[in-house]
Amino acid sequence: MELLNRLLRPGKIIKLKFDISGFKRSIQAYIIRNPNPEHLTLLFKDNEPLVYHLPPETGLKLISRDEEDGHDYRLLTELIEVKQGELPRVVVKRPTEVDYSTRRSFMRLDVNLPFSYYDNFKEQPGEVRNLSITGLLALVKTTPSLKLNHSLTCKFTLPDNSKPLIIIGKIIRLEEEDPEHTWVALDFQSASEEIKNRISRYLVQRQRHLINIKKKLKKTQDSSS
């Protein structure tokens, strides 16, 4: 909720994206105060006549940058109405959650998460050491089922007290660590949007935690020098 409030604070400049008759538009707008907590009012920086042709309930995308971590986030919403004027004012439903999937393509972090994979219906233990929205690197117990380009059903747990994630991945790299353990890199083949968003949320939270640790460490070092 803290992130969402930062992304939608009054006075912030964001991008509004919409599609009308096959034409995609991206407009910069200011967020202005609205007494209705369920609505968000946007004032365009430039006039865009096409916005007057959007019917109510049109799906819209808002792109807002978080100054704390420097990343852009997407928020999905619906149009309520367009108020005419020298510059249009657009009233939309206030987004209630952040779509973390916009960061899935590039964020990859070192982690230490419980992991297992299935070999002849038996779980073989391991640990995820690196994770992204599209794949992972794990250190696991070696078995004959670990073969390059083969599919592997795996399970790992995020530290959010929720159920483990079950994902099928393609083995894209294998490297022996010792006679009993192997490094295996997986490219996810079947992961639902719910799973992708859970991974994204975890990665964002972990990155922010690591950034805060670095800031505190630097502050301590500066004060002692």
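Residues numbered from 1 in each chain as written. Predicted model: local features only at pLDDT ≥ 70, side-chain atom pairs only at ≥ 80, totals over all residues. Heavy atoms only, no water.

### So, the pairing of strand β7 (residues 108-119)
For step 1, the next point in the chain: Two elements, β7 and strand β8 (residues 122-132), share 10 bridges in a ladder whose sense is antiparallel. Note that in β8 the partner of S116 across the bridge is P125. (Pairing = 2+ DSSP bridges. Helix = DSSP H or I, 4+ residues; strand = E, 2+ residues; numbered from the N terminus.)

### Regarding helix α2 (residues 193-224)
For step 1, the next point in the chain: The terminal C-alpha atoms of α2 lie 47 Å apart, and with 32 residues this matches the ideal 46 Å at 1.5 Å per residue to within 8%.
For step 2, the next point in the chain: Within α2, the full set of buried residues consists of I195, N197, R198, I199, S200, Y202, L203, V204, Q207 and R208. (Expected span 1.5 Å × (residues − 1). Buried < 20%, exposed > 50% of the residue type's maximum accessible area, 1.4 Å probe, protein only.)

### Some details on the pattern of salt bridges
For step 1, the next point in the chain: Tallied over the full model, the rule gives 8 salt bridges.
For step 2, the next point in the chain: Linking R208 and D66 is a salt bridge whose minimum nitrogen-to-oxygen distance equals 3.5 Å. Residue R208 is found in helix α2, and its partner D66 is found in the loop between β4 (59-65) and β5 (72-83); the two are separated by 142 residues along the sequence.
For step 3, the next point in the chain: What makes R208 buried here is its relative accessible area of 17%.
For step 4, the next point in the chain: On the accessibility criterion, D66 (1% relative accessible area) is buried.
For step 5, the next point in the chain: Residue R129 pairs with E127 through a salt bridge whose shortest N-O separation is 2.6 Å.
For step 6, the next point in the chain: Residues participating in the shared-partner salt-bridge network are E2, R6, D66 and R208. (Salt bridge = Lys/Arg side-chain N within 4 Å of Asp/Glu carboxyl O.)

### Observations concerning the nonpolar core
For step 1, the next point in the chain: Membership of the largest hydrophobic core comes to 53 residues, with the highest contact counts inside it found for F115, L131, L136, F156 and I199.
For step 2, the next point in the chain: Apart from the residues within four sequence positions on either side, L136 is in contact with F115, V128, N130, L131, F156, V184, A185, L186 and F188. (Core = buried A, V, L, I, M, F, W, Y, C linked by side-chain atoms within 4.5 Å. Contact = heavy atoms within 4.5 Å.)

### Some words on the sheet that holds β5
For step 1, the next point in the chain: Reading around the barrel, the 6 strands line up as β1-β2-β3-β6-β5-β4 and close back on themselves, with antiparallel pairing between neighbours. On average, adjacent strands in this sheet sit at an angle of 45 degrees to one another, irrespective of strand direction.
For step 2, the next point in the chain: Inspection of the sheet shows strand β3 (residues 39-44) paired to strand β6 (residues 89-93) by 5 bridges, in the antiparallel sense. From the neighbouring strand, L43 faces β6, where its bridge partner is R89. (Axes fitted to C-alpha atoms, helices over the stretch in contact; angles between N-to-C directions.)

### Regarding the sheet that holds strand β12 (residues 181-190)
Across a sheet, strands are paired by hydrogen bonds formed along the backbone, either parallel or antiparallel in direction.
For step 1, the next point in the chain: Reading around the barrel, the 6 strands line up as β7-β8-β9-β12-β11-β10 and close back on themselves, with antiparallel pairing between neighbours. Averaged over all pairs of adjacent strands, the angle between their axes in this sheet comes to 45 degrees, without regard to strand direction.
For step 2, the next point in the chain: Looking at chain direction, strand β10 (residues 151-156) and strand β11 (residues 165-178) are connected through 6 bridges and run antiparallel. Bridged to K155 within β11 is I166.
For step 3, the next point in the chain: Each of β7, β8, β10, β11 and β12 touches α2; the most contacted strand, β7, lies at about 145 degrees to it.

### Considering the layout of surface pockets
For step 1, the next point in the chain: One number sums up the size of the second largest pocket: a volume of about 190 Å³.
For step 2, the next point in the chain: Forming the walls of the second largest pocket are K17, F18, D19, K24, R25, G59, L60, K61, I63 and R74.
For step 3, the next point in the chain: Elements that contribute at least two residues to the lining of the second largest pocket include exactly β1 (13-20), β2 (23-32) and β4.
For step 4, the next point in the chain: The element best represented in the lining of the second largest pocket is β4, accounting for 4 residues. (1 Å grid on protein atoms, 1.4 Å probe; cavity = no way out; pocket = protein on both sides within 12 Å on 5 of 7 lines; lining within 4 Å. Points joined across faces, edges and corners; volume = space filled by probe spheres on them.)

### Regarding the side chain of Q124
For step 1, the next point in the chain: Relative to the helices and strands, Q124 is located in strand β8.
For step 2, the next point in the chain: Residue Q124 is classed as buried on the basis of its relative accessible area of 12%.
For step 3, the next point in the chain: The residues touching Q124, leaving out its near neighbours within four places in the chain, are F115, S116, Y117, D119, K141 and T143.

### Comments concerning a positive patch on the surface
For step 1, the next point in the chain: Where like charges cluster on the molecular surface, the positive patch consists of K15, K17, K24 and K61.
For step 2, the next point in the chain: Positionally, K15 belongs in strand β1.
For step 3, the next point in the chain: Here K15 falls in the partly exposed class, since its relative accessible area comes to 38%. (Patch = residues over 30% accessible without salt bridge, like charges linked within 9 Å, V, L, I, M, F, W, Y side chains within 5 Å. Areas by Shrake-Rupley, 256 points an atom, 1.4 Å probe, with all protein chains shown as cover. Lys, Arg positive; Asp, Glu negative; His and termini not counted. Charge placed at Lys NZ, Arg CZ, Asp CG, Glu CD.)

### Notes on the confidence of the model for the protein chain
For step 1, the next point in the chain: This prediction gives the protein chain a mean pLDDT of 86; 95% of its residues lie at or above 70.
For step 2, the next point in the chain: Per-element confidence in the protein chain is highest for strand β9 (residues 135-141), whose mean pLDDT is 93, and lowest for α2, whose mean pLDDT is 81. (pLDDT = per-residue confidence, 0-100.)

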